[in-house]
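Here are the chains, one letter per residue:
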Amino acid sequence: MNCQQATTLLHGYVDDELDFVNVLALEEHMQTCVACAQAHKNLLALRQMIGAGSLAYKAPGTLQKRIQVAIREADQTIPDRLRWSQWWDWRWLSSAAAALVLVALVGLGLGRALQTSATNDALAQEVLASHVRSLMATHLTDVASSDHHTVKPWFDGKLDFAPIVEDLASAGFPLLGGRLDYLNQRPVAALVYQHGRHLINLFSWPSTGADTGPQASVRQGYNLFQWQQAGMTYWAVSDLSTDELQGFVKLLQQSTAPTPTP
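The structure reproduced in this document is the subject of the present report. (Residues numbered from 1 in each chain as written. Predicted model: local features only at pLDDT ≥ 70, side-chain atom pairs only at ≥ 80, totals over all residues. Heavy atoms only, no water.)

**Quick look at helix H2 (residues 20-32)**
Then, in step 1: In this model, H2 (13 residues) spans 19 Å end to end at C-alpha, consistent with the 18 Å of a helix rising 1.5 Å per residue.
Then, in step 2: Taken together, the buried positions of H2 are occupied by Val23, Leu26, His29 and Met30. Down the axis, H2 shows its buried residues gathered within 135° of arc, on one side only. Within H2, the exposed residues directed more than 90 degrees away from the buried face are Phe20, Val21, Glu28, Gln31 and Thr32. (Helix = DSSP H or I, 4+ residues; strand = E, 2+ residues; numbered from the N terminus. Expected span 1.5 Å × (residues − 1). Buried < 20%, exposed > 50% of the residue type's maximum accessible area, 1.4 Å probe, protein only. Arc of directions from axis to C-beta.)

**A closer look at the packing of aromatic side chains**
Then, in step 1: Applying the stated criterion across every chain, the model contains 4 aromatic pairs.
Then, in step 2: Measuring from ring centre to ring centre gives 5.2 Å for Phe173 and Phe248, while their planes differ by 55°; the resulting arrangement is tilted. Residue Phe173 is located in the loop between helix H6 (148-154) and strand S2 (175-183), and its partner Phe248 is located in helix H7 (residues 242-256); the two are separated by 75 residues in the primary sequence. Accessibility classification places Phe173 together with Phe248 in one group, the buried group.
Then, in step 3: Here the aromatic residues Phe173, Tyr193 and Phe248 are joined through ring pairs into a cluster of three or more.
Then, in step 4: Its guanidinium or amino end placed over the ring of Trp154, Lys158 lies 4.4 Å from that ring's centre, counting from NZ or CZ. (Phe/Tyr/Trp six-rings, centres within 6.5 Å; stacked < 30°, edge-to-face > 60°. Lys NZ or Arg CZ within 6 Å of the ring centre and 35° of its normal.)

**Let's talk about the nonpolar core**
Then, in step 1: Formed by 36 residues in total, the largest nonpolar core has its most connected members in Phe203 and Phe248.
Then, in step 2: When contributions to this core are tallied by element, the ones reaching two or more residues are helix H5 (90-136), S2, strand S3 (186-195), strand S4 (198-206), strand S6 (222-229), strand S7 (232-238) and H7.
Then, in step 3: By size, the runner-up hydrophobic cluster in this structure holds 14 residues, among which are Ala6, Leu26, Met30 and Leu43. (Core = buried A, V, L, I, M, F, W, Y, C linked by side-chain atoms within 4.5 Å.)

**Description of the environment of Val192**
Then, in step 1: Relative to the elements of secondary structure, Val192 occurs in strand S3.
Then, in step 2: The class for Val192 is buried, based on a relative accessible area of 0%.
Then, in step 3: Sequence spacing of Val192 and Leu140 is 52 residues, and the spatial spacing of their C-alpha atoms is 7.7 Å.
Then, in step 4: Apart from the residues within four sequence positions on either side, Val192 is in contact with Leu140, Thr141, Pro174, Leu175, Leu176, Gly177, Arg179, Leu199, Ile200 and Asn201. (Contact = heavy atoms within 4.5 Å.)

What follows is the structure, encoded as structure tokens:
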């Protein structure tokens with residue numbers, strides 16, 4: 001079972017709607033997939049919040065008044081025998097309508113947040129897998145060179161963007177080379193740096209989102225940092241300590257920051 005199949009089954013699993021075979025397959029998958037296991041925990045947390053009534057909310061007075069006015073106006077346009085006021089308590093109806101609107105908005109926001117979190121977790125797992133795979137195989141680099149003037153042109157024609165390649169040897173992070181990789185359902189650039197005996201994989205590809213600061217995470221003993229800068233998404237992963245890898249990220253951010261115009 002892959003992550004896409006697991007995602008489609010998670011809701012049924014939480015609601016006890018899956019057959020025995022799918023339950024076993026999904027549970028086996030979540031034992032080795034951090035992203036899907038976290039998505040399962042998020043669904044359980046959301047279900048617990050709803051069941052405990054923690055989403056309860058009293059509609060503000062202004063919203064209640066607007067709903068009341070709208071109901072009165074609608075009530076005046078229909079015959080007496082069909083008017084809602086003959087059948088419903090408008091105070092209950094306005095509160096119920098406000099509650100339904102709120103639940104819809106909150107549910108939409110939580111759903112998007114959970115989806116974003118699951119997507120980021122899955123991508124982090126992809127990044128880590130690519131890093132570990134490059135260390136286990138003899139395919140650390142496609143172009144082995146410490147000269148960024150050699151590494152950067154090597155990517156020409158192989159990607160639909162020009163990756164930024166920085167020489168950070170003077171700061172203790174020499175460039176070893178680069179290679180093509182595949183992440184987030186697209187080809188990406190992978191640059192390999194070294195610090196002491198530790199290797200760093202730096203992945204990059206174009207981004208349409210706004211700039212974001214570095215966000216740290218830990219996966220299976222490896223440190224990861226992700227951020228967006230100047231139209232590019234970056235992921236750095238290594239077995240370096242958090243502080244050392246963060247130092248590398250800061251150096252890279254400073255080197256790739258756009259030059260301010262006078």
